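Structural features, examined
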Amino acid sequence: MKELIKVNNLTKKFGDKVALKDISFEVQPGEILGIVGHNGAGKTTLVNCMVDIYKGDQGSIEYLFDKKSMYDHIGVQMQHSYFEDNAKVIDICKLYKDLTNSDVDLKALLKDFGLENEEKTDVNKLSGGNRQRLAILLTLIHQPDVIFLDELTTGLDPLARRRVWEKIKEINKEKEVTVVLTSHFLEEIEYLADRIIILNQGEIKYLGTVTNAIDTYSDGQKVIEFQLKDNRASFKLLKYNTVELTDDRYQIKTKEEEKVLIDLLSNVGIKNLVLKSPTLEDVFLKIAGYSLDKEGKVCYEEA
Ligand SMILES: Nc1ncnc2c1ncn2[C@@H]1O[C@H](COP(=O)(O)OP(=O)(O)OP(=O)(O)O)[C@@H](O)[C@H]1O
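Predicted, not measured: the structure shown is a model, and the values here were computed from it. (Residues numbered from 1 in each chain as written. Predicted model: local features only at pLDDT ≥ 70, side-chain atom pairs only at ≥ 80, totals over all residues. Heavy atoms only, no water.)

A closer look at the sheet that holds strand S11 (residues 244-246)
The sheet built from four strands is open, its strands ordered S11-S12-S10-S13 with antiparallel pairing. Of all the strands in the sheet, the pair left with one neighbour each is S11 and strand S13 (270-276). Shown here is a sheet whose adjacent strand axes are inclined to one another by a mean of 25°, direction ignored. Relative to strand S12 (residues 249-254), S11 runs antiparallel, the two being bridged by three bridges. Across the sheet, the residue bridging to glutamate 244 is glutamine 251, located in S12. Each of strand S10 (222-228), S12 and S13 is contacted by helix H9 (residues 257-268), which is oriented at about 5° to S10, the strand it contacts most. (Pairing = 2+ DSSP bridges. Helix = DSSP H or I, 4+ residues; strand = E, 2+ residues; numbered from the N terminus. Axes fitted to C-alpha atoms, helices over the stretch in contact; angles between N-to-C directions. Contact = heavy atoms within 4.5 Å.)

Written out as structure tokens, the structure reads:
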């Protein structure tokens, strides 16, 4: 299948600051591609280059569609969606429809997004979740092939965030719209994206599926988490150099989980056992000193 967008050796600078360094990848039709990275990693700059807001200093971007009619084919929701304060939901929708000469059925679209009862609501009185749903809806009014969503769910509570995720999945599957999204949230990317790009200081550190990222970076290790039946047996864990104690739970990282489990069960005495595979978070930690804040947002601590 031919790629929808092809980014070739793209470099973008702001003065001396290199925001993107020699980036190459392609967007396949029908996929959800997630771009993830710390603050300042270059996510927004990359999206801005792809939607032709910024010109790269080096490299090129090719589109399957005619670039002259680019905005017929793409829909863009940027990091902050600004709406006129007193504007009503339906007025904004109509404005977008007129501007794009679209023949979309607005009533049906609003119903589809669960906003049919909000038509007359002032946009600034919408809940955070509904506001974000409106932002997605607006990208779809002219029936594009691909939409770009930049940090769509930042600021939403977990329930509202989940609802937005469901909507994105639905649009992708049912309307066959390709989605390029940036996010700070690993859980979001893990849930939504078919493939991910991990950006670190303007460079691609990883491009591929989440599963492959985990396999590649985890080195086949599993995590065994447990409590001791009798804490006096803790000396029996000394032979494991990967053992860690957090709160009252021990963790051992190992490639030989069966052997270690047998030892723990028969010789050490453990309870409340959980066997875990590494997560995308572990991959991030390996790539470059990432950590997560209380909200589950990616942070970066330079060494
Ligand atoms: N218009 C600009 N002028 C100067 N520097 C910029 C500009 N836009 C971005 N940068 C710089 O380029 C780098 C990449 O920024 P960018 O906004 O793309 O990162 P990001 O990953 O989207 O970050 P965030 O998650 O905080 O939105 C940063 O160092 C940023 O300061």
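Overview of the packing of helix H5 (residues 128-140) against helix H6 (residues 158-174)
Where H5 contacts H6, the two axes come as close as 9 Å, and the packing angle between them is 15°. Classified by the angle their axes make, H5 and H6 are roughly parallel. Handedness of the H5/H6 crossing: right-handed. Across from Gly129, Gln132, Arg133, Ile136 and Leu140 in H5, the residues of H6 making contact are Ala160, Arg163, Val164, Lys167, Ile168 and Ile171. Here the residues of the contact of H5 with H6 are counted per class, giving six nonpolar, two polar and three charged. (Parallel < 35°, antiparallel > 145°, perpendicular 65-115°, else oblique. Left-handed = near helix turned anticlockwise from the far one by under 90°. Nonpolar A, V, L, I, M, F, W, Y, C, P; charged D, E, K, R; others polar.)

Section: the pattern of salt bridges
The tally for this structure, following the rule as stated, stands at 17 salt bridges. Linking aspartate 52 and lysine 67 is a salt bridge whose minimum nitrogen-to-oxygen distance equals 3.5 Å. Here aspartate 52, found in the loop between helix H1 (43-50) and strand S4 (58-63), pairs with lysine 67, found in the loop between S4 and helix H2 (70-73); they are 15 residues apart in sequence, far enough to count as distant. The exposure class of aspartate 52 is partly exposed, given its relative accessible area of 25%. On the accessibility criterion, lysine 67 (41% relative accessible area) is partly exposed. Between lysine 239 and aspartate 263 there is a salt bridge, and its shortest N-O distance comes to 3.2 Å. One end of the pair, lysine 239, is in the loop between S10 and S11; the other, aspartate 263, is in helix H9, and 24 residues separate them in sequence. (Salt bridge = Lys/Arg side-chain N within 4 Å of Asp/Glu carboxyl O. Buried < 20%, exposed > 50% of the residue type's maximum accessible area, 1.4 Å probe, protein only.)

Brief notes about empty space enclosed by the protein
If you walk through the whole model with that rule in mind, you get one cavity of 30 Å³ or more. Space inside the largest cavity adds up to approximately 40 Å³. Contributing to the lining of the largest cavity are Leu149, Leu152, Thr153, Ile168, Leu181, Thr182, Glu188 and Leu192. Elements that contribute at least two residues to the lining of the largest cavity include exactly strand S7 (178-183) and helix H7 (186-192). For the lining of the largest cavity, a count of residues per class yields five nonpolar, two polar and one charged. (1 Å grid on protein atoms, 1.4 Å probe; cavity = no way out; pocket = protein on both sides within 12 Å on 5 of 7 lines; lining within 4 Å. Points joined across faces, edges and corners; volume = space filled by probe spheres on them.)

Topic: the packing of aromatic side chains
For the structure shown, the criterion picks out four aromatic pairs. Ring geometry for phenylalanine 14 against tyrosine 54: centres 5.4 Å apart, planes inclined by 75°, an arrangement best described as edge-to-face. One end of the pair, phenylalanine 14, is in strand S1 (residues 5-14); the other, tyrosine 54, is in the loop between H1 and S4, and 40 residues separate them in sequence. By relative accessible area, phenylalanine 14 is classed as partly exposed at 36%. Assessed through its relative accessible area of 28%, tyrosine 54 is described here as partly exposed. Directly above the ring of tyrosine 54 sits lysine 12, whose terminal nitrogen or CZ lies 5.3 Å from the centroid. A cation sits over an aromatic face here: lysine 169 above tyrosine 191, 5.0 Å from the ring centre. (Phe/Tyr/Trp six-rings, centres within 6.5 Å; stacked < 30°, edge-to-face > 60°. Lys NZ or Arg CZ within 6 Å of the ring centre and 35° of its normal.)

Considerations on the confidence of the model for the protein chain
Overall, the predicted model of the protein chain reaches an average pLDDT of 88, with 93% of residues at or above 70. Mean pLDDT in the protein chain bottoms out at strand S14 (residues 290-292), which sits at 64, and peaks at S1, which reaches 97. (pLDDT = per-residue confidence, 0-100.)

Comments concerning the site of the ligand
Neighbouring the ligand are 15 residues; Asn39, Gly40, Lys43, Thr44 and Thr45 lie closest to it. Between asparagine 39 and the ligand, the recorded distance is 2.7 Å, taken from a side-chain N or O atom to an oxygen atom. In this structure, an oxygen atom belonging to the ligand sits 2.5 Å away from a side-chain N or O atom of threonine 45. Protein contacts shield 65% of the accessible area of the ligand, which totals 620 Å² for the unbound molecule. (Near = heavy atom within 4 Å. Polar contact = N/O pair within 3.5 Å; in protein donor to acceptor, adjacent residues only side chain to side chain. Areas by Shrake-Rupley, 256 points an atom, 1.4 Å probe, with all protein chains shown as cover.)

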